[in-house]
Amino acid sequence: MTTAFFTHPACLEHDTGPGHPERRQRLEAVLLALGEPEFAALDRHEAPRATLDQIARVHERAYVEDLLARVPQRGWAALDGDTAMSPGSGEAALRAAGALVAAIDLVMGGGAANAFCAVRPPGHHAERDMAMGFCLFNNVAIGAAHAIAAHGARRVAIVDFDVHHGNGTQHIFEHDPRVFYASTHQMPLYPGTGARSEHGVGNICNAPLAAFSDGDAFRDAYEEIVLPALQRFEPEVLLISAGFDAHRADPLASLELEAEDFGWVTERLAELAATHCRGRLVSTLEGGYDLGALAESAAAHVAALMAAKA
Ligand SMILES: [Zn+2]
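A brief structural summary. (Residues numbered from 1 in each chain as written. Predicted model: local features only at pLDDT ≥ 70, side-chain atom pairs only at ≥ 80, totals over all residues. Heavy atoms only, no water.)

Now for the coordination of the zinc ion. Only D162 (OD), D162 (OD), H164 (ND1) and D245 (OD) from the protein coordinate the zinc ion, and they sit 2.0 to 2.8 Å from it. Relative to the metal, the four donor atoms surrounding the zinc ion lie at angles of 52 to 153°, and the coordination shape comes out irregular. If you list the donors of the zinc ion from N- to C-terminus, the spacing comes out as D-x1-H-x80-D. One end of the pair, D162, is in the loop between β6 (156-160) and α6 (167-173); the other, D245, is in the loop between β9 (237-242) and α8 (259-276), and 83 residues separate them in sequence. (Donors = N, O, S within 2.8 Å, 3.2 Å for Na, K, Ca; no water. Tetrahedral: all angles 85-135°; square planar, octahedral: opposite > 155°, others 65-115°. Helix = DSSP H or I, 4+ residues; strand = E, 2+ residues; numbered from the N terminus.)

As structure tokens, this is what we get:
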């Protein structure tokens with residue numbers, strides 16, 4: 001059984017404007033790292049476009065249609081203070097969401113052990129009816145909803161180790177007991193949500209970390225809080241919002257992880273997937289803004305997926 005890899009050249013053509021940290025060079029750095037010989041066994045796929053119906057499972061249809069209609073012919077269209085679209089953004093957003101749908105289809109269908117989606121724009125801040133924080137469509141939420149609607153999954157877990165809390169993912173599912181959302185993130189930090197006290201309908205598990213927390217604190221949060229909560233939920237498939245901006249070199253936050261910490265958490269999550277999910281795990285790129293740290297951390301993440309025993 002292989003690890004599948006989904007990306008699309010259109011994801012490079014989403015241009016967020018001069019000086020923006022969420023830039024095409026991020027994806028180029030990840031693609032370069034995963035082009036090394038140790039990743040030759042990846043089962044590589046071009047991401048299809050998600051359909052409007054697939055996206056509208058988690059977003060208001062009017063929001064999706066309006067967003068796509070606002071993609072500019074030239075220049076940029078601002079959506080909020082730090083989120084903008086260029087002429088290539090609509091296609092990039094459809095391919096990013098479509099990567100999750102196709103990866104879920106492949107992994108749920110037994111065609112791959114697990115999968116990593118190297119896509120942008122990222123997704124976990126996108127709310128049901130609002131773009132936010134560099135995110136247009138909530139890719140991981142679209143993947144989770146597809147696992148339920150198209151594959152009959154009854155319990156889907158999403159783990160989010162991006163340094164920012166995934167407010168959009170939490171809000172989309174906080175009343176839906178079929179989806180469990182667990183997050184480690186720096187707090188206080190953008191977007192401000194993610195307190196321990198936010199429980200949803202018993203399906204939300206937030207383990208915030210103070211600024212300057214290191215890999216030991218991160219691992220403790222998984223061992224003591226996140227992994228036990230996931231084991232109690234007994235998911236049938238596990239999705240990961242894989243942001244690498246908790247790395248100590250990242251310019252947007254102040255946690256102090258190393259690349260090996262991302263490898264460690266991926267091993268633990270793959271073990272959990274092997275126990276509860278027949279190994280079924282689909283991961284997608286969220287943040288990570290230091291190019292070297294992003295490339296090294298994503299490589300550690302994907303290497304651990306490839307080494308996972310289903
Ligand atoms: Zn982030």
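This brings us to the sheet that holds β6. Here eight strands make up an open sheet; going across it, the order is β2-β1-β5-β10-β9-β6-β7-β8 and the pairing parallel. With one partner strand each, in any of the chains shown, β2 (43-46) and β8 (204-209) form the two edges of the open sheet. Neighbouring strand axes in the sheet, compared pairwise and without regard to direction, differ in orientation by 15° on average. Two elements, strand β1 (residues 3-7) and strand β5 (residues 114-117), share four bridges in a ladder whose sense is parallel. The residue bridging F6 from the neighbouring strand is C117, located in β5. (Pairing = 2+ DSSP bridges. Axes fitted to C-alpha atoms, helices over the stretch in contact; angles between N-to-C directions.)

Across all of its chains, the model carries 15 salt bridges by this definition. For R24, the salt bridge identified is with E13, shortest N-O distance 3.4 Å. On the criterion of sequence distance, the pair formed by R24 in helix α1 (residues 24-33) and E13 in the loop between β1 and α1 is long-range, its members being 11 residues apart. Since its relative accessible area comes to 30%, R24 is described here as partly exposed. Between E28 and R24 there is a salt bridge, with its nearest N and O atoms 2.9 Å apart. Taken together, the positions of E28 and R24, both in helix α1 and four residues apart, correspond to about one turn of that helix. Here the salt bridges share partners, and the residues they tie into one network are E13, R24 and E28. (Salt bridge = Lys/Arg side-chain N within 4 Å of Asp/Glu carboxyl O. Buried < 20%, exposed > 50% of the residue type's maximum accessible area, 1.4 Å probe, protein only.)

Right, let's talk about the pairing of strand β10 (residues 281-285) for a bit. Of all five residues in β10, five are buried; the element is thus mostly enclosed. Side-chain alternation along β10 places L281, S283 and L285 on one buried face and V282 and T284 on a second face that is also buried. Sheet topology places β5 next to β10; four bridges connect them, and they run parallel. Paired with A115 across the strands is V282, a residue of β10. Strand direction decides the pairing type here: β9 and β10, joined by five bridges, are parallel. Bridged to I240 within β10 is S283. Taken together, β9, α8 and β10 form a β-α-β motif whose crossover is right-handed. (Right-handed = clockwise from strand over helix to strand, strands pointing away.)

The next subject is unusual backbone geometry. In the segment running from R120 into P121, the intervening peptide bond is cis, with an omega of 0°. Tracing the chain through its elements places P121 in the loop between β5 and α5 (139-151). Residue P188 is reached from M187 by a cis peptide bond, and omega for that bond is 0°. Among the structural elements, P188 can be located in the loop between β7 (179-186) and β8. The residue F134 is not glycine, and still its phi comes out positive at about 75°. Positionally, F134 belongs in the loop between β5 and α5. Its identity is not glycine, yet R278 carries a phi of approximately 50°, on the positive side.

This brings us to the state of the cysteines. By the definition in use, this model includes zero disulfides. With no disulfide of its own, C117 lies 9.6 Å from the sulfur of C11, the closest cysteine sulfur. Residue C117 is classed as buried on the basis of its relative accessible area of 0%. Free cysteine: C277, not disulfide-bonded; nearest cysteine sulfur from C205 at 16 Å. (Disulfide = S-S within 2.5 Å.)

Mapped onto the elements of the fold, H20 is located in the loop between β1 and α1. Residues H20 and D82, 62 residues apart in the sequence, show an inter-C-alpha distance of 8.3 Å. Residues in contact with H20, not counting those within four places in the same chain, are D82 and F134. Within the structure, the side chain of H20 is placed 2.9 Å from the backbone nitrogen of E22, a separation counted as a polar contact. (Contact = heavy atoms within 4.5 Å. Polar contact = N/O pair within 3.5 Å; in protein donor to acceptor, adjacent residues only side chain to side chain.)

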